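# Fold and geometry: a report
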Amino acid sequence: MRILCTGGAGYVGSHCLRHFRDAGHSVVALDDLSEGNREAVDGVPLEVADIRDEVAVERILRAHRIEAVVHFAALVSVPGSLAAPEAYWSVNLGGTLALLNAMRAAGVMRIVASSTAAVYDHDAAMPLSEASPLAPATPYGTSKLAMEQAIRDYARAHGMAGTCLRYFNAAGADADGRHGEARLKESHVLPLLMLYALGRREAFRVFGTDWPTPDGSCVRDFVALPDLAAAHLLALEGAVAGEMAVYNLGTGRGTSVLELVAAAERMIGRSLDCAPAPRRPGDPPVLVADASLIKRRLGWAPQASDVEQIVSAAWAWHSRHPAGYGDRG
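Each residue is numbered by its place in its chain's sequence as written, counting from 1. Under the rules for a predicted model, residues below a pLDDT of 70 receive no local features and side-chain atom pairs below 80 are neither given nor counted, while totals for whole chains, interfaces and linings still include all residues. The basis for every side-chain value is the complete set of non-hydrogen atoms in the structure, without hydrogens or water.

### Let's talk about the packing of aromatic side chains
When two rings of Phe, Tyr or Trp (its six-membered ring) have centres within 6.5 Å they constitute a pair, described as stacked for plane angles under 30 degrees, edge-to-face for angles over 60, and tilted for the intermediate range. For the structure shown, the criterion picks out one aromatic pair. Ring geometry for Tyr-120 and Phe-168: centres 6.4 Å apart, planes at 35°, overall tilted. Of this pair, Tyr-120 sits in the loop between strand S5 (110–116) and helix H5 (139–158) while Phe-168 sits in the loop between strand S6 (161–167) and strand S7 (169–171); the two residues are 48 residues apart in sequence, bridging distant segments of the chain. Here the basic side chain of Arg-279 rests over the ring of Trp-211, its NZ or CZ set 4.0 Å away from the ring centre. The ring of Phe-207 carries the charged tip of Arg-280 above its face, separated from the ring centre by 4.7 Å. Going along the chain from the N terminus, every DSSP run of H or I of four or more residues is numbered as a helix, and every run of E of two or more is numbered as a strand. The rule for a charge over a ring is simple: NZ of Lys or CZ of Arg within 6 Å of the ring centre, and within 35 degrees of the ring normal.

Put into structure tokens, the structure is as follows:
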């Protein structure tokens, strides 16, 4: 297939586009480089544009004769969404609507979109399945749920083939250590821990030490980049015209923040101090996936998402790239 990856210079998008290319597909990246890294596209053609620019997106789709879209472009910070919800609605929903309209105009009828576990009611019983109650606690989650509904409506009305993949905690780096997680404003736990271990941050903060969990820190379900990429390709191949499928991407295993720190200490070979900090608004105590549906329907199962593997890959990348990517576009 000829595939357009929106947000293709970002963390997950750049890994997936290389996976698609290595599987024999023709790939183009679209990114505005506000958070993405030009270097991360690794020689794949890059179109610099705003996902909300419907005219530009249609032009790109037509110019490259695109047959399918994998949609990663989004704002993804939970704290950022609480501070500036208008930006999240503009990009995460408005950008998706512009993309869907451009796809219809260009005759592109297949889309796989990255969604999030933030769409669920975090008070629901764990692990969360696709049938668990939906009640986003933040504008980030709400905007992603609205994105899902837009894709579902376009699939039903216009015959598009749609799939939304609800990530739990994407983590780690390429197995070859060439590409990893780097943002202008980092808020994710593993890169923050790696940057602290490298002396590039003054402290590593644990947001809440009194959660109702075994060690008092938050518990998350970490899934590695190679496993995410494999799921996206399966979703592309399995999409059905006129339907929108939804799948969780996780391992079903929870790892606490303090357990993650311990895994990093074993990898690095020294102790890492943690600074207790207040709980962050929008953070649930536990977030773990039931990903049996995608295994049953598409045959996906995580192969590289053991926490030790994830930490090892992250440490290898951050050690080689302590300042992240040098080229910000």
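### Comments concerning the sheet that holds strand S9 (residues 219–220)
Strands are treated as partners if at least two bridges between them are detected by DSSP. If you walk across this open sheet you meet the three strands as S12-S9-S14, and the pairing is mixed. Where the open sheet ends on each side, the last strands, each with one partner, are strand S12 (255–256) and strand S14 (286–287). Relative to S14, S9 runs parallel, the two being bridged by two bridges. The residue bridging Val-219 from the neighbouring strand is Val-286, located in S14.

### Comments concerning the environment of Trp-300
Tracing the backbone shows Trp-300 in the loop between helix H9 (292–298) and helix H10 (307–320). Buried residues are those whose accessible area, probed at 1.4 Å on protein chains only, stays under 20% of the maximum for their type, while exposed residues exceed 50% and partly exposed ones sit between those limits. What makes Trp-300 buried here is its relative accessible area of 2%. Once the C-alpha coordinates of Trp-300 and Ile-151 are considered, the two residues, 149 residues apart in sequence, prove to be 22 Å apart. Those residues in contact with Trp-300 that lie beyond four places of it in its chain are Val-223, Asp-227, Ala-230, Ala-231, Leu-234, Leu-249, Gly-250, Ala-291, Ile-294 and Lys-295. Residue contacts follow a heavy-atom distance rule, with two residues in contact if any of their heavy atoms lie within 4.5 Å.

### Some words on unusual backbone geometry
Look at the link from Met-126 to Pro-127: it is a cis peptide, with omega at -5°. Structurally, the position occupied by Pro-127 is in the loop between S5 and H5. In this model, Leu-33 sits at a positive phi of 65°, which is unusual for a non-glycine residue. Of note, Leu-33 is situated in the loop between strand S2 (26–31) and strand S3 (46–48). Positive phi outside glycine occurs at Asp-42, with the angle close to 55°. Looking at where Asp-42 falls in the secondary structure, it is placed in the loop between S2 and S3.

### Looking at the pattern of salt bridges
Criterion for a salt bridge: a side-chain nitrogen of Lys or Arg within 4 Å of a carboxyl oxygen of Asp or Glu. Counting across every chain of the model gives 13 salt bridges. Between Arg-183 and Glu-186 there is a salt bridge, and its shortest N-O distance comes to 2.8 Å. Judged by relative accessible area, which is 21%, Arg-183 ranks as partly exposed. Two residues, Arg-279 and Asp-210, come together in a salt bridge whose shortest N-O distance is 3.1 Å. Here the residue Arg-279 occupies a position in the loop between strand S13 (275–277) and S14, and Asp-210 occupies one in the loop between strand S8 (205–207) and S9, the gap between them amounting to 69 residues. With relative accessibility at 41%, the residue Arg-279 sits in the partly exposed group.

### Observations concerning the sheet that holds strand S1 (residues 2–6)
One open sheet holds the seven strands; their spatial order is S3-S2-S1-S4-S5-S6-S11, and the pairing between them is parallel. Across the chains shown, the open sheet's two edge strands, defined by having one partner strand only, are S3 and strand S11 (244–249). Put simply, the sheet's adjacent strands are angled 20° from each other on average, direction ignored. Strand direction decides the pairing type here: S2 and S3, joined by three bridges, are parallel. Residue pairing in the sheet places Asp-31 in a bridge with Val-48 of S3. Note on definitions: angles span 0 to 180 degrees between N-to-C directions of axes, and those axes are lines fitted to C-alpha atoms, for helices only across the stretch in contact. Seen against the sheet, helix H1 (residues 11–22) touches S1, S2, strand S4 (68–71) and S6 and runs at an angle of roughly 165° to S2.

As far as function goes, none of this settles anything; it's purely spatial.
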